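# Survey of secondary and tertiary structure
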Amino acid sequence: MKTRLIGTAAIAAALALAGCASTSPGYGSGYGSAPQSGYGSSCYDCGTVTRIERTNDGKPNIAGPLLGGVVGAVAGKELARRNTDSEGRRNVATAGGAIAGAVAGNAIQNRVEGSGTYNVHVRMDDGRTMVLSQAEIGGLREGSYVRVQNGRAYAR
């Protein structure tokens, strides 16, 4: 009975210690700590991404939805004119075409012009924090280890 109790206590202790072990190579024990060997702890331009925000640069998206809505309304009205005699159905088709055209025009404008920029917040290894404005993030995400060069964050 005594050996069974000791064995159970040993297993419990081993599990408790295993829970404290780090399984992420290259990272320290807590938030904001410098990386361990593997990334090089003397990198002045290196840090960890803490947040990524998407911005649209304050530009309103008007031309695409407006033109799409007009084209959609004309197409809906023309289709309804050919297929029905009801004035109510023509109005519904015109409104539906305008809505669908506006949605499509917005999507097309976003694809052509891009959808803005990203503000990448980086906590540097020496404790500094930086906010970098980038047009694309290239696979970066929160927690990514990066090197900052020429005002842009690159994954390491």
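Going along each chain's sequence as written, the residues are numbered from 1 onward. For a predicted model such as this one, the threshold for reporting local features is a pLDDT of at least 70, and the threshold for listing and counting side-chain atom pairs is 80 or more; totals across whole chains, interfaces and linings nevertheless cover every residue. No hydrogens and no water enter the side-chain calculation; it runs on all heavy atoms of the structure.

Looking up the protein chain in an unreviewed UniProt entry gives the name Glycine zipper 2TM domain-containing protein, with the organism given as Luteimonas endophytica.

## Regarding the overall build of the protein chain
Comment: elements are numbered from the N terminus, with helices defined as DSSP H or I runs of at least four residues and strands as E runs of at least two. Helices and strands together make up the secondary structure of the protein chain, namely three helices and five strands. Order of helices (α) and strands (β) in the protein chain, N terminus to C terminus: α-β-α-α-β-β-β-β. When each of the 156 residues of the protein chain is scored for burial, the buried share is 22%. Look at the contacts in the protein chain between residues 6 or more apart in sequence, and 59% of them connect residues 24 or more apart. As presented, the protein chain carries roughly 10,900 Å² of accessible surface, and 58% of it is formed by carbon and sulfur atoms. Partly exposed describes any residue whose relative accessible area lies between the buried limit of under 20% and the exposed limit of over 50%, with all areas from a 1.4 Å probe on protein chains only and scaled to the type maximum. Residue contacts are counted whenever heavy atoms from the two residues lie within 4.5 Å of one another. A 1.4 Å probe and the Shrake-Rupley method give the accessible areas. Residues count as covered only by the protein chains that appear here.

## Description of the state of the cysteines
Note that a disulfide, as used here, is simply two cysteine sulfur atoms within 2.5 Å. This model, assessed by the stated rule, comprises one disulfide. Paired by a disulfide, Cys-43 and Cys-46 hold their sulfur atoms 1.8 Å apart. Since a negative S-S torsion denotes a left-handed disulfide, the Cys-43-Cys-46 link at about 65° is right-handed. For the pair Cys-43 and Cys-46, one class covers both residues: buried.

## Considerations on unusual backbone geometry
For Asn-150, which is not glycine, the phi dihedral falls at a positive 55°. Overall, the relative accessible area of 81% leaves Asn-150 in the exposed class.

## So, the environment of Asn-110
Position of Asn-110 among the secondary structure elements: in helix 3 (residues 87-113). Linking Asn-110 and Gly-64, residues 46 residues apart in sequence, is a C-alpha distance of 8.4 Å.

## So, the environment of Val-74
On the secondary structure map, Val-74 appears in helix 2 (residues 63-83). On a C-alpha basis, the gap between Val-74 and Ala-93 in space is 9.6 Å, while along the polypeptide they are 19 residues apart.

## Quick notes on the sheet that holds strand 1 (residues 46-55)
Whether two strands pair depends on DSSP finding at least two bridges between them. With antiparallel pairing, the five strands of this open sheet are ordered in space as 3-2-1-4-5. Each end of this open sheet is capped by a strand with a single partner; those strands are strand 3 (129-134) and strand 5 (152-155). Each neighbouring strand pair of the sheet contributes to a mean axis angle of 45°, computed without reference to strand direction. Here strand 1 runs beside strand 4 (residues 145-149); their pairing, made up of three bridges, is antiparallel. Pairing of Cys-46 across the sheet is with Arg-147, part of strand 4. A fitted line through C-alpha atoms serves as each axis, taken over the contacting stretch for helices, and the angle formed by two N-to-C directions is quoted from 0 to 180°.

## Details of the nonpolar core
Counting 11 residues, the largest nonpolar core consists of Val-49, Tyr-118, Val-120, Val-122, Met-124, Leu-132, Ile-137, Leu-140, Val-146, Val-148 and Ala-153. For this core, the elements supplying multiple residues, two or more each, are strand 2 (117-124) and strand 4. Among the elements that take part in this core, strand 2 stands out by supplying four residues, more than any other. Setting aside residues up to four positions removed in sequence, Val-148 forms contacts with Asp-45, Met-124, Met-130 and Leu-132. We call a set of buried Ala, Val, Leu, Ile, Met, Phe, Trp, Tyr and Cys residues a nonpolar core when their side-chain atoms join them within 4.5 Å.

## Observations concerning the confidence of the model for the protein chain
Looking at the protein chain, the pLDDT average stands at 76 and 69% of residues meet or exceed 70. Within a predicted model, pLDDT stands for the predictor's per-residue confidence, ranging from 0 to 100. Mean pLDDT values for the elements of the protein chain range from 55 in helix 1 (residues 2-20) up to 92 in strand 4. pLDDT under 50 marks residues 22-38. Its contacts with residues more than four places away, or in other chains, come to 20 contacts.

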